[in-house]
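Descriptive structure summary
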Amino acid sequence: MSKLAVEIEEIDTSKNPDSPKQVFSIGYSSLETNSDLSSQEKKRLIIISGYLEETRPYLDQKFSAKKIEEDLNISSKNIGNIIKKNFKMNFNQYVNKLRIEYALSQLESYPKWRAYTIEALANNVGFNSANSFYAYFKEYTGMTPENIF
């Protein structure tokens, strides 16, 4: 079991004091955080997001918050609360959003992905069924997968 270590550096947002969000750098990417989060929650969100971005465990159909809990030693309840507070969606919605974003990036970067069936795309990005993939794809993009390719 590997632990993700990140250095957290707060970026100065004083140029726009009315901004409800702060941006934190985690070395290889940045993340906007909701001002409603405590300092500890922001740090945990950055660690969670870094872990998800770096390892992409959500591509596994059996992925759950329990996997993050085991790998990062952050309770699944805490993970769900942090995601809900920051992204205004539950854990499953957030994971499905990440899966759709990954599918879109792969479709754009790798033309061979455009030849996959909806079921193959769904399986490759962690969905258990083509119907779930189709529904979340349409919800997230406003289009059906066929409209993309």
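We now turn to the structure provided with this report. (Residues numbered from 1 in each chain as written. Predicted model: local features only at pLDDT ≥ 70, side-chain atom pairs only at ≥ 80, totals over all residues. Heavy atoms only, no water.)

1. A few points about the overall build of the protein chain
The condition is simple: Only DSSP runs of H or I covering at least 4 residues are called helices, and only runs of E covering at least 2 are called strands; the numbering of each starts at the N terminus. Classification of residues uses two cut-offs on accessible area relative to the type maximum, computed with a 1.4 Å probe and protein chains only: under 20% is buried, over 50% is exposed, and between them is partly exposed. Residue contacts are defined here by distance: any two heavy atoms, one from each residue, within 4.5 Å place the two residues in contact. Reported accessibility uses the Shrake-Rupley method at a 1.4 Å probe radius. Residues are deemed covered only where the shown protein chains occlude them.
Each helix and strand in the protein chain was counted, giving seven helices and three strands. Written out in order from the N terminus, the α and β elements of the protein chain read β-β-β-α-α-α-α-α-α-α. For the protein chain, the proportion of its 149 residues judged to be buried stands at 35%. A fraction of 49% describes how many contacts in the protein chain between residues 6 or more apart in sequence connect residues 24 or more apart. When the accessible area of the protein chain is evaluated, it comes to approximately 8800 Å², of which 45% is carbon and sulfur surface.

2. Details of the packing of helix 1 (residues 39–55) against helix 3 (residues 76–87)
Where we set the bar: Think of each axis as a best-fit line through the C-alpha atoms, taken over the contacting stretch in the case of a helix, with angles from 0 to 180 degrees between the N-to-C directions. Here the word oblique covers every angle except those under 35 degrees (roughly parallel), over 145 (roughly antiparallel) and from 65 to 115 (roughly perpendicular). Gly counts as polar in this scheme, as do all residues outside two lists: the nonpolar Ala, Val, Leu, Ile, Met, Phe, Trp, Tyr, Cys and Pro, and the charged Asp, Glu, Lys and Arg.
In the contact formed by helix 1 and helix 3, the axes pass within 10 Å of each other and the chain directions differ by 100°. Relative to helix 3, the element helix 1 is oriented roughly perpendicular. Contacts from Glu41, Arg44, Leu45 and Ile48 in helix 1 reach Asn78, Ile79, Ile82, Lys85, Asn86 and Phe87 in helix 3. When grouped by side-chain class, the residues that make up the contact of helix 1 with helix 3 number five nonpolar, two polar and three charged.

3. Let's talk about the pattern of salt bridges
Once the charged atoms of two side chains with opposite charge are near each other, the side chains can pair. The condition is simple: For this analysis, a salt bridge means a side-chain nitrogen from Lys or Arg found within 4 Å of a carboxyl oxygen belonging to Asp or Glu.
Inspection of the entire model under this criterion finds four salt bridges. Here Lys66 ties to Glu69 by a salt bridge, and the two come within 3.5 Å at their closest N and O atoms. Pair noted here: Lys66 and Glu69 are both in helix 2 (residues 65–72), with a separation of three residues, about one helical turn. Exposure remark for Glu69: the relative accessible area of 22% places this residue in the partly exposed category. Notably, a salt bridge pairs Lys67 with Asp71, separated by 2.9 Å at the nearest N-O pair. On the criterion of helical spacing, the pair formed by Lys67 and Asp71 is a turn pair, its members being four residues apart in helix 2. The class for Asp71 is buried, based on a relative accessible area of 9%.

4. Focus on helix 1
Under the convention used in this document: What a helix is expected to span follows from its residue count: subtract one and scale by 1.5 Å.
Here helix 1 contains 17 residues, and its C-alpha end-to-end distance of 24 Å stays within 8% of the 24 Å for a straight helix at 1.5 Å per residue. All of the buried residues along helix 1 are Glu41, Lys42, Leu45, Ile46, Ile48, Ser49, Gly50, Tyr51 and Leu52.

5. Examining the environment of Ser132
Mapped onto the elements, Ser132 comes out in helix 6 (residues 130–141). Placed 10 residues apart in sequence, Ser132 and Ala122 show a C-alpha to C-alpha distance of 8.0 Å.

6. Thoughts on the side chain of Asn96
Basically, it comes down to this: Each polar contact in these results corresponds to two N or O atoms within 3.5 Å; when the atoms are within protein, one needs to be able to donate a hydrogen and the other to accept it, and residues that are neighboring in sequence are counted only if both atoms are side-chain atoms.
Locating Asn96 in the fold gives a position in helix 4 (residues 91–109). A polar contact is formed between the side chain of Asn96 and the side chain of Tyr136, at a distance of 3.4 Å. When near neighbours in sequence (up to four residues on either side) are disregarded, Asn96 contacts Phe127 and Tyr136.

7. Some details on the nonpolar core
As a reminder, the rule being used: What we call a nonpolar core is a set of buried Ala, Val, Leu, Ile, Met, Phe, Trp, Tyr and Cys residues that are connected through their side-chain atoms within 4.5 Å.
The biggest cluster of nonpolar side chains holds 28 residues, and the ones touching the most others in it are Leu52, Ile68, Phe91 and Phe133. Put simply, the parts of the chain that give this core at least two residues each are helix 1, helix 2, helix 3, helix 4, helix 5 (118–124) and helix 6. At eight residues, helix 4 tops the list of elements feeding residues into this core. Look past the residues within four positions of Phe133 in its chain and what remains in contact with it is Ile100, Ala103, Ile118, Leu121, Ala122, Val125, Phe127 and Pro145.

Keep in mind that these numbers describe shape and distance, not what the molecule does.
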